[in-house]
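Secondary and tertiary structure notes
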Amino acid sequence: MRDQSLELFRSAVIASTLLAASLAPAHAGPFPTRPIQVIVSYPAGGAYDTATRIIAPKMSEILGQPLVIIPKPGASGSLAVGFVLKSPPDGYTLSSTATASLTLNPVYMKELTYTYKDAAPIGTFAVEVNAIVVRTDSKWKTFAALLDDATKNPGKLTYGSPGPKSVSTTVMEVIKAERGLNVVSVPFVGSPPVAVALLGKQVDFGTLALSVAAPMIKAGQLRLLAVGGTQRSPMFPDVKTFKELGFKTADLQLKIGLFASAKTPRATMKILSDAFAKAAADPQVSTQLAKVGLLPLVEDSKAAETALRQEMQDVNKISEILKITK
C-alpha cells in the first residue's frame, strides 16, 4: 500500500512538471521563438512600407522567424513609434520609421511622451531623398533661378509640402530662413498629393519625396532642381544637393531604420542587430531599394546610434533657426 502511494505521488509530480512546462511562456527559449511584428510608421505602399518589405524577408531567413509588417500611420510617424515603445521590450515588436520620428517630432509635438533616447537603433538602411521639383513647362530650369525669382517677388510664390511638421517642409523652411525668402507653404497630407497639386498648377513648386516624384520626372512631367542628403541621387547624378548649392543646415535626411525599445535585453538586441547587418549587406537589398528611388545607406546599431545623436543636435540647431515651439 505504501509503495502504491509513493508511485501515485511520483506520477503526480511528473504530471505537474509536464503541465508547468506546457504553460511556460512562448518566449522562454532562445530568441526568437515566434513571429516578430514590425510596425511601420507610414501608410501601406509608401516608401517606408516598401523598404521594410525589401529587408524583412532577408532578416526572416536569418532569424528563422517571420517578420510581420503592420502599417500604423498617424501623427507624422509618432503613433507607431509610441505603440512600439509602450509594448513589452522583448524584441518581438519593432519599429520601422524615419529617424525624424525620434528627433524632429518631439520638437514639434508637446503631446509626445518619448524622446530619441527611449529607442534603440537596430540599424538604418536607406534614405528617402528630399526633392525640389517643378513642372517641365516651368520657366525655372535651375534651383538658383527659382530662388532668384522668389527673392525678387516676395510672398508671390507657393510651394506644396507633405505637411507642416515633415522633414521636407522643415528643410524648405530652413532654406527660406538662410536666404531670407518669403515663399508661401501650402501643406498637404503626404508626398503624392503634393505631386498632384503641382501637376494641377495649384502650386508653383513642390518639396516631396524623390521616390514619389521619380516616375513623373522620368515621364517628363516634372523637373528635378535639387535634392537633399549628403550625396547625389544615383538616379539623377547631374542634380546637385542642397549642401553643394551652398545651404549649411538644409541636409536633414529622411533616414529609414529599424528600432526597438531601449529597454530591450542586450542579448536580444545583439541577435536583431547581427541579423540586420547580414540582411542589409545583401546586394539584392540595395539593388531593390535603389529601384524604388531610395538611397541605400547602411548603418549598424552603433553607427546608427551615433548618427541619431548627431541628428538630434542638427534638429536642435534647426529648431533655433526656425524658432520652433511645441
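Residues numbered from 1 in each chain as written. Predicted model: local features only at pLDDT ≥ 70, side-chain atom pairs only at ≥ 80, totals over all residues. Heavy atoms only, no water.

Within the protein chain, the regular secondary structure consists of 12 helices and 11 strands. Partitioning the intrachain contacts of the protein chain with sequence separation of at least 6 by distance along the chain shows that 77% fall at a separation of at least 24. When the accessible surface of the protein chain is summed, it comes to about 15,500 Å², and 58% of that surface belongs to carbon and sulfur atoms. (Helix = DSSP H or I, 4+ residues; strand = E, 2+ residues; numbered from the N terminus. Contact = heavy atoms within 4.5 Å. Areas by Shrake-Rupley, 256 points an atom, 1.4 Å probe, with all protein chains shown as cover.)

In this section: the sheet that holds strand E6 (residues 158-161). Pairing is mixed across the open sheet formed by 5 strands, whose spatial order is E7-E6-E8-E5-E9. Two strands lie at the open edges of the sheet, namely strand E7 (184-187) and strand E9 (222-227), each paired on one side alone. Going across the sheet, the axis of each strand differs from the next one's by a mean of 30°, ignoring polarity. Of the pairings in the sheet, the one linking strand E5 (residues 130-135) to strand E8 (residues 205-209) comprises 4 bridges and is antiparallel in character. Across the sheet, the residue bridging to Ile132 is Thr207, located in E8. Contacts between helix H8 (residues 191-199) and the sheet are confined to E5, E6, E8 and E9, with E8 contributing the most and set at about 155° to the helix. Helix H9 (residues 210-218) rests against E5, E8 and E9 of the sheet, and its axis sits at about 120° to E8. (Pairing = 2+ DSSP bridges. Axes fitted to C-alpha atoms, helices over the stretch in contact; angles between N-to-C directions.)

Before going further, it helps to spend a moment on the packing of aromatic side chains. What the rule picks out here adds up to 6 aromatic pairs. Judged by centre distance (6.2 Å) and plane angle (50°), the rings of Phe143 and Phe242 are tilted. Placement of the pair is Phe143 in helix H6 (residues 143-152) and Phe242 in the loop between E9 and strand E10 (254-261), with a sequence separation of 99 residues. We classify Phe242 as buried; its relative accessible area is 1%. Ring geometry for Tyr159 and Phe205: centres 5.6 Å apart, planes at 20°, overall stacked. Here Tyr159, found in strand E6, pairs with Phe205, found in strand E8; they are 46 residues apart in sequence, far enough to count as distant. An aromatic cluster of three or more residues is present, and its members are Phe143, Phe242 and Phe247. Sitting over the face of the ring of Tyr92, Arg34 holds its NZ or CZ atom 3.7 Å from the ring centroid. When the ring centre of Phe83 is taken as origin, the NZ or CZ atom of Lys72, which lies over that ring, is 4.9 Å away. (Phe/Tyr/Trp six-rings, centres within 6.5 Å; stacked < 30°, edge-to-face > 60°. Buried < 20%, exposed > 50% of the residue type's maximum accessible area, 1.4 Å probe, protein only. Lys NZ or Arg CZ within 6 Å of the ring centre and 35° of its normal.)

Helix length check: helix H7 (residues 167-179), at 13 residues, gives a terminal C-alpha distance of 18 Å against a target of 18 Å (1.5 Å per residue), a fit within 8%. Among all positions of H7, only Val167, Ser168, Thr169, Thr170, Val171, Met172, Val174, Ile175 and Lys176 are buried. Gly180, located one to two residues past H7, shows a positive phi value of around 65°. (Expected span 1.5 Å × (residues − 1).)

The end-to-end C-alpha separation of helix H2 (residues 47-63) is 24 Å, in line with the 24 Å expected for 17 residues at 1.5 Å each. If you look at H2, its biggest bend is around 30°, right at Ala56, and the proline Pro57 turns up within four residues after that. In terms of residue burial, H2 counts as a mostly covered element, since 12 of its 17 residues are buried. Buried within H2 are the following residues: Ala47, Tyr48, Asp49, Ala51, Thr52, Ile54, Ile55, Ala56, Lys58, Met59, Ser60 and Leu63. Remark: Gly64 follows H2 within two positions and exhibits a positive phi of approximately 80°. (Bend = angle between axes of the 7 residues up to and from the residue.)

Time to look at the pattern of salt bridges. Considering all chains together, one arrives at 12 salt bridges under this definition. The salt bridge partner of Arg34 is Asp90, with a shortest N-O separation of 3.5 Å. Pair noted here: Arg34 is in the loop between helix H1 (2-22) and strand E1 (36-40) and Asp90 is in the loop between helix H3 (78-86) and strand E3 (93-98), with a separation of 56 residues, a long-range link. Judged by its relative accessible area of 27%, Arg34 is partly exposed. Notably, a salt bridge pairs Glu244 with Arg232, separated by 2.9 Å at the nearest N-O pair. One end of the pair, Glu244, is in the loop between E9 and E10; the other, Arg232, is in the loop between E9 and E10, and 12 residues separate them in sequence. Of the residues examined, Arg232 reaches a relative accessible area of 29% and is grouped as partly exposed. (Salt bridge = Lys/Arg side-chain N within 4 Å of Asp/Glu carboxyl O.)

Taken in spatial order, the 6 strands of this open sheet run E2-E1-E3-E10-E4-E11, and their pairing is mixed. With partners counted over all chains shown, the strands left at the sheet margins are strand E2 (67-71) and strand E11 (295-299), one partner each. Here the strands of the sheet are splayed against their neighbours by 25° on average, with no regard to which way each runs. Sheet analysis places E1 next to E2, joined by 5 bridges and oriented parallel. Along E2, the bridge assignment pairs Ile36 with Leu67.

With that out of the way, let us pick up the side chain of Ser161. The residue Ser161 is located in strand E6 in this model. Excluding residues within four positions of it along the chain, Ser161 makes contact with Thr169, Ser185, Val186, Pro187, Phe188, Val194 and Thr207.

Among the nonpolar cores identified, the biggest contains 73 residues, and Phe125, Ile132 and Phe143 are the most heavily contacted of them. Tallying contributions element by element places H2 first for this core, with 8 residues. Counting residues in hydrophobic clusters, the runner-up holds 22 residues, among them Val129, Leu210, Met216 and Ile217. (Core = buried A, V, L, I, M, F, W, Y, C linked by side-chain atoms within 4.5 Å.)

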